[in-house]
Amino acid sequence: MPTYAVIGATRGVGLEIVRQLAANPDNTVFATARNVEKSLHLAKVIQEAPAKNVVALQADVVDHRSLKVAAEKIAQATGGALDVLIHNAAKMDYANGNLYRSLTEYESMDALDAEFIEAFKVNTLGAIHSVDAFLPLLRKGSTKKIVIISTDGGERDVVWKTGTTILAAYCVTKSAENMVMTKYAAELVDEGFIVAAISPGVVDVSGTAASPRMSAISW
Ligand SMILES: NC(=O)c1ccc[n+]([C@@H]2O[C@H](COP(=O)([O-])OP(=O)(O)OC[C@H]3O[C@@H](n4cnc5c(N)ncnc54)[C@H](OP(=O)(O)O)[C@@H]3O)[C@@H](O)[C@H]2O)c1
């Protein structure tokens with residue numbers, strides 16, 4: 001009975017990971033949402049899961065306490081263990097127009113500061129909060145795997161070779177998230193952990209998007 005926690009599972013890539021994991025009746029999938037009641041796409045996946053093996057839990061990755069509460073609930077359900085943590089949450093907020101700005105395109109430094117700080121809280125600290133909350137459970141798990149869903153946009157080589165100036169706050173904070181993964185990998189390797197950041201490539205998530213999205217980026 002492998003157990004998975006998918007953090008940030010209401011839409012897009014995270015939701016599809018939940019759906020595919022739930023298709024295997026041997027799996028138990030814990031899916032977190034900032035607002036479970038309003039997460040209608042997740043509710044549909046839970047309802048349609050053939051094995052009824054998806055459990056929704058409330059958590060905001062900016063709020064490390066909420067992740068601890070979610071981890072406690074999972075521990076109660078599993079006897080204290082978790083096999084795989086998949087950290088997917090990211091700040092992809094298209095509504096205010098800042099997501100696509102380059103470093104020189106903000107209306108003010110105050111606006112840039114605000115966007116970078118919020119992106120850092122979600123994309124970088126959020127990954128640390130997730131791993132910290134679930135590490136005691138993962139240590140008791142059978143596979144000891146931590147997966148961070150990252151992006152080619154957080155890779156310096158890719159950004160340089162493609163000349164991608166836009167998505168500045170997102171790329172900078174996802175790059176820092178890659179270093180978070182590397183730090184955990186170095187720290188936990190002797191305990192038998194595999195910690196990996198993987199990029200899904202460009203994925204059309206418009207079908208479950210919270211707000212309209214500009215055309216896809218090619219790295
Ligand atoms: N789509 C792509 O082309 C692409 C390409 C490369 C990498 N990625 C990576 O794939 C992952 C998912 O991207 P996506 O395109 O699927 O994005 P998305 O559709 O915007 O979904 C983002 C997810 O993160 C959650 N989230 C946002 N802020 C959160 C917070 N503070 N606490 C907890 N959850 C939070 C959202 O939940 P709410 O419903 O509560 O907002 C949602 O479930 C990201 O890590 C992204 O960097 C995506």
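Placed above this text is the structure.
Residues numbered from 1 in each chain as written. Predicted model: local features only at pLDDT ≥ 70, side-chain atom pairs only at ≥ 80, totals over all residues. Heavy atoms only, no water.

Enquirer: Is there a simple way to explain the overall build of the protein chain in this structure?
Expert: The helix and strand inventory of the protein chain stands at 6 helices and 6 strands. For a compact globule of 219 residues, the expected C-alpha radius of gyration is about 17 Å, and the protein chain comes in at 17 Å, within 12% of that figure. Along the longest, intermediate and shortest principal axes, the C-alpha atoms of the protein chain span 50 × 40 × 30 Å. Out of the 219 residues in the protein chain, the part that is buried amounts to 46%. Looking at the protein chain alone, contacts between residues at least 24 apart form 76% of all its contacts between residues at least 6 apart. Side-chain charges in the protein chain split into 21 positive and 24 negative, and the spacing between the mean points of these groups amounts to 4 Å. (Helix = DSSP H or I, 4+ residues; strand = E, 2+ residues; numbered from the N terminus. Rg over C-alpha atoms; globule rule 2.2 N^0.38 Å. Buried < 20%, exposed > 50% of the residue type's maximum accessible area, 1.4 Å probe, protein only. Contact = heavy atoms within 4.5 Å. Lys, Arg positive; Asp, Glu negative; His and termini not counted. Charge placed at Lys NZ, Arg CZ, Asp CG, Glu CD.)

Enquirer: I tried to follow the pattern of salt bridges on my own but got confused; where do I start?
Expert: If charged atoms from side chains of opposite charge come close, those side chains can pair. This structure, assessed with the given rule, holds 6 salt bridges. Where Arg 19 meets Glu 16, a salt bridge forms, and the shortest distance between an N and an O atom there is 2.7 Å. Of this pair, Arg 19 and Glu 16 are both found in helix 1 (residues 12-22), 3 residues apart, which corresponds to roughly one turn of the helix. (Salt bridge = Lys/Arg side-chain N within 4 Å of Asp/Glu carboxyl O.)

Enquirer: Would you take a moment to explain unusual backbone geometry for this structure?
Expert: Comment: phi is negative for the bulk of residues other than glycine, and the bulk of peptide bonds are trans. One non-glycine residue, Lys 144, adopts positive backbone phi at about 55°. Tracing the backbone through its elements, the reader meets Lys 144 in the loop between helix 4 (109-139) and strand 5 (145-149). With a phi angle near 60°, Leu 167 is a residue other than glycine that sits in the positive phi range. Looking at the element boundaries, Leu 167 is found in the loop between helix 5 (156-162) and helix 6 (168-188).

Enquirer: Please explain the site of the ligand as it appears in this structure.
Expert: With respect to spatial proximity, 27 residues lie near the ligand, and among them Thr 10, Arg 11, Val 13, Arg 34 and Tyr 170 are the closest. Arg 11 places a polar side-chain atom, nitrogen or oxygen, 2.6 Å from an oxygen atom of the ligand. In this structure, Tyr 170 approaches the ligand through a side-chain N or O atom, which is 2.5 Å from an oxygen atom. Relative to its unbound accessible area of 890 Å², the ligand is 94% covered by the protein chains. When atoms are counted within 2 Å of each cavity's grid points, the one that captures over half of the ligand is the largest pocket. If you list the elements that add at least two residues to the shell around the ligand, you get helix 1 and helix 6. Each residue belonging to the shell around the ligand can be placed in one class, and the counts come to 15 nonpolar, 7 polar and 5 charged. (Near = heavy atom within 4 Å. Polar contact = N/O pair within 3.5 Å; in protein donor to acceptor, adjacent residues only side chain to side chain. Areas by Shrake-Rupley, 256 points an atom, 1.4 Å probe, with all protein chains shown as cover. 1 Å grid on protein atoms, 1.4 Å probe; cavity = no way out; pocket = protein on both sides within 12 Å on 5 of 7 lines; lining within 4 Å. Sits in = over half its atoms within 2 Å of the grid points. Nonpolar A, V, L, I, M, F, W, Y, C, P; charged D, E, K, R; others polar.)

Enquirer: Where do I start with the packing of helix 4 against helix 6 in this structure?
Expert: When two helices pack together, their arrangement is captured by the angle between the axes and the distance separating the axes. With their axes 8 Å apart at the nearest point, helix 4 and helix 6 run at an angle of 25° to one another. Taken together, helix 4 and helix 6 sit at an angle that is classed as roughly parallel. For helix 4 against helix 6, the interelement crossing comes out right-handed. Between helix 4 and helix 6, the residues in contact are Glu 115, Phe 116, Ala 119, Phe 120, Asn 123, Thr 124, Ala 127, Ile 128, Val 131, Asp 132, Leu 135 and Arg 139 and Ala 168, Ala 169, Tyr 170, Val 172, Thr 173, Lys 174, Ala 176, Glu 177, Val 180, Tyr 184 and Leu 188, respectively. (Axes fitted to C-alpha atoms, helices over the stretch in contact; angles between N-to-C directions. Parallel < 35°, antiparallel > 145°, perpendicular 65-115°, else oblique. Left-handed = near helix turned anticlockwise from the far one by under 90°.)

Enquirer: Is there a simple way to explain the environment of Pro 200 in this structure?
Expert: Looking at the element boundaries, Pro 200 is found in the segment after strand 6 (194-198). Beyond its immediate stretch of four places on either side in the chain, Pro 200 contacts Val 13, Ile 149 and Ser 150.

Enquirer: Where do I start with the nonpolar core in this structure?
Expert: Considering soluble globular proteins, one finds that nonpolar side chains tend to be buried as a cluster. If you look at the biggest cluster of nonpolar residues, it comprises 29 residues, and the most contacted ones within it are Ala 5, Ile 74, Leu 82, Leu 85, Phe 134 and Ile 146. Of all the secondary structure elements, the ones that give two or more residues to this core are strand 1 (3-7), helix 3 (64-78), helix 4, strand 5 and helix 6. When residues of this core are assigned to their parent elements, the largest contribution, 8 residues, is made by helix 4. (Core = buried A, V, L, I, M, F, W, Y, C linked by side-chain atoms within 4.5 Å.)

Enquirer: I keep staring at the side chain of Ser 66 and nothing clicks. Help me out?
Expert: Here Ser 66 lies in helix 3. A distance of 3.0 Å separates the side chain of Ser 66 from the backbone nitrogen of Asp 60, its partner in a polar contact. Apart from the residues within four sequence positions on either side, Ser 66 is in contact with Gln 58, Ala 59 and Asp 60.

Enquirer: How should the pairing of strand 3 (residues 54-58) be read in this particular structure?
Expert: Successive side chains on a regular strand alternate, one facing one side of the sheet and the next facing the other. Bridging between strand 2 (residues 28-33) and strand 3 involves 5 bridges; their strand directions are parallel. Residue pairing in the sheet places Ala 31 in a bridge with Ala 56 of strand 3. Taken together, strand 2, helix 2 (residues 40-48) and strand 3 form a β-α-β motif whose crossover is right-handed. (Pairing = 2+ DSSP bridges. Right-handed = clockwise from strand over helix to strand, strands pointing away.)

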